[in-house]
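Given next are the chains, with one letter for each unit.
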Amino acid sequence: MNQADAVALLLRMVLGVVMIAHGLNHWRGGGRIAGTARWFTGLGLTHGTLQAWLSVLTEAGAGVLLLAGLLTPLACAAVISVMLVAGLLAHRPHGFFVFAEGYEYVLTLAVVSLALAVLGPGSASLDHMAGLDLDGWTGAGLALGVSVSATAVLLATFWRPRPAPAPGSEPLGQEAG
């Protein structure tokens, strides 16, 4: 195992565990599926329960694939897509820094995933054992193409943002100040 293989293994292990934990938290953490569904609905996504389960399956599934080093560019695409949706809908309005709910964290995970798609899974992977050499520009192109396409389809199909309140409109029961 050379240095690049060791780096790929390290990236796959850390990213895989993070994604599994993230997916399981959407399922079993805090508000469970119902809370995750409400959160997705609050972001303007329709069918919140479906979105919650899709996020659990996508995140945990990508994590498992990364740990195994199987279909690595597609696992990276799944991570990038999830982070694109989260970044665009939940974090972008808050700026960069994660301590202010910004997109710093999701950007980092997406870029690490893209870097891993370029680097490839390394020799300690099922992809390597199966002779699936999808790294370099091929891996990056596959990861970016699939992730951007999947994100666009998800948003076009399920995202229905609520219109901003008209200027001067006040909630019922509130007096003008």
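Details of the structure are given in the entry above.
Below, the structure is looked at part by part. Everything quoted here is computed from the prediction, not taken from an experiment. (Residues numbered from 1 in each chain as written. Predicted model: local features only at pLDDT ≥ 70, side-chain atom pairs only at ≥ 80, totals over all residues. Heavy atoms only, no water.)

### What to know about helix α3 (residues 48-68)
Between the first and last C-alpha of α3 there are 30 Å, a value that for 21 residues agrees with the 30 Å anticipated at 1.5 Å per step. Burial in α3 covers these residues: G48, Q51, A52, S55, V56, E59, A60, A62, G63 and L66. With its buried residues spanning 155° around the axis, α3 presents them on a single face. Of the residues flanking the end of α3, it is G69, one or two places downstream, whose phi is positive at about 70°. (Helix = DSSP H or I, 4+ residues; strand = E, 2+ residues; numbered from the N terminus. Expected span 1.5 Å × (residues − 1). Buried < 20%, exposed > 50% of the residue type's maximum accessible area, 1.4 Å probe, protein only. Arc of directions from axis to C-beta.)

### Observations concerning the packing of helix α4 (residues 72-91) against helix α7 (residues 136-158)
Between α4 and α7, whose axes approach to 8 Å, the crossing angle comes to 40°. As summarised for this structure, α4 and α7 are arranged oblique, according to the angle between their axes. In this structure, α4 meets α7 at a crossing whose hand is right-handed. On the side of α4, the interface is formed by P73, L74, C76, A77, I80, S81, L84, V85, L88 and L89, while α7 contributes G139, L142, A143, V146, S147, V148, A150, T151, L154 and L155. The class makeup of the residues in the contact of α4 with α7 is 16 nonpolar, four polar and no charged. (Axes fitted to C-alpha atoms, helices over the stretch in contact; angles between N-to-C directions. Parallel < 35°, antiparallel > 145°, perpendicular 65-115°, else oblique. Left-handed = near helix turned anticlockwise from the far one by under 90°. Contact = heavy atoms within 4.5 Å. Nonpolar A, V, L, I, M, F, W, Y, C, P; charged D, E, K, R; others polar.)

### As for the packing of aromatic side chains
Here the distance between the centres and the angle between the planes together describe a pair of aromatic rings. For the structure on display, the rule yields five aromatic pairs. With a centroid separation of 5.1 Å and 80° between ring planes, the pair formed by F96 and F97 is classed as edge-to-face. Take F96: its relative accessible area is 35%, and that puts it in the partly exposed class. F97 sits in the partly exposed class, given a relative accessible area of 44%. Residues F96 and Y103 carry aromatic rings whose centres are separated by 5.5 Å and whose planes lie at 85° to one another, so their mutual orientation is edge-to-face. The partly exposed category is assigned to Y103, whose relative accessible area is 31%. Through pairs of rings, three or more aromatic residues link up here, namely F96, F97, F99 and Y103. Here the guanidinium or amino end of R28 rests over the ring plane of W27, the centre of that ring lying 5.4 Å away. (Phe/Tyr/Trp six-rings, centres within 6.5 Å; stacked < 30°, edge-to-face > 60°. Lys NZ or Arg CZ within 6 Å of the ring centre and 35° of its normal.)

### Quick word on a nonpolar patch on the surface
Taken together, F96, F97, V98, F99, Y103, Y105, L107 and V111 make up a surface patch of nonpolar side chains, about 770 Å² in accessible area. With respect to the helices and strands, Y105 occurs in helix α5 (residues 104-119). The exposure class of Y105 is partly exposed, given its relative accessible area of 36%. (Patch = residues over 30% accessible without salt bridge, like charges linked within 9 Å, V, L, I, M, F, W, Y side chains within 5 Å. Areas by Shrake-Rupley, 256 points an atom, 1.4 Å probe, with all protein chains shown as cover. Salt bridge = Lys/Arg side-chain N within 4 Å of Asp/Glu carboxyl O.)

### Concerning the layout of surface pockets
Any space left empty among the atoms is revealed by the rolling of a water-sized probe across them. A volume near 610 Å³ is recorded for the largest pocket. The wall of the largest pocket is formed by 31 residues, among which F40, S55, E59, V82 and V85 lie closest to the centre. Elements supplying a minimum of two residues to the lining of the largest pocket: α1 (3-28), α2 (32-42), α3, α4, α5 and α7. Top contributing element to the lining of the largest pocket by residue count: α4, with nine residues. Considered class by class, the residues forming the lining of the largest pocket number 17 nonpolar, 12 polar and two charged. The calculated volume of the second largest pocket comes to roughly 240 Å³. In terms of lining residues, the second largest pocket is bounded by 14 residues, among which M83, L84, V106, L107 and A110 are the most central. Mapped by element, the contributors of at least two residues to the lining of the second largest pocket are α4, α5 and α7. Per-class residue counts for the lining of the second largest pocket are 12 nonpolar, one polar and one charged. (1 Å grid on protein atoms, 1.4 Å probe; cavity = no way out; pocket = protein on both sides within 12 Å on 5 of 7 lines; lining within 4 Å. Points joined across faces, edges and corners; volume = space filled by probe spheres on them.)

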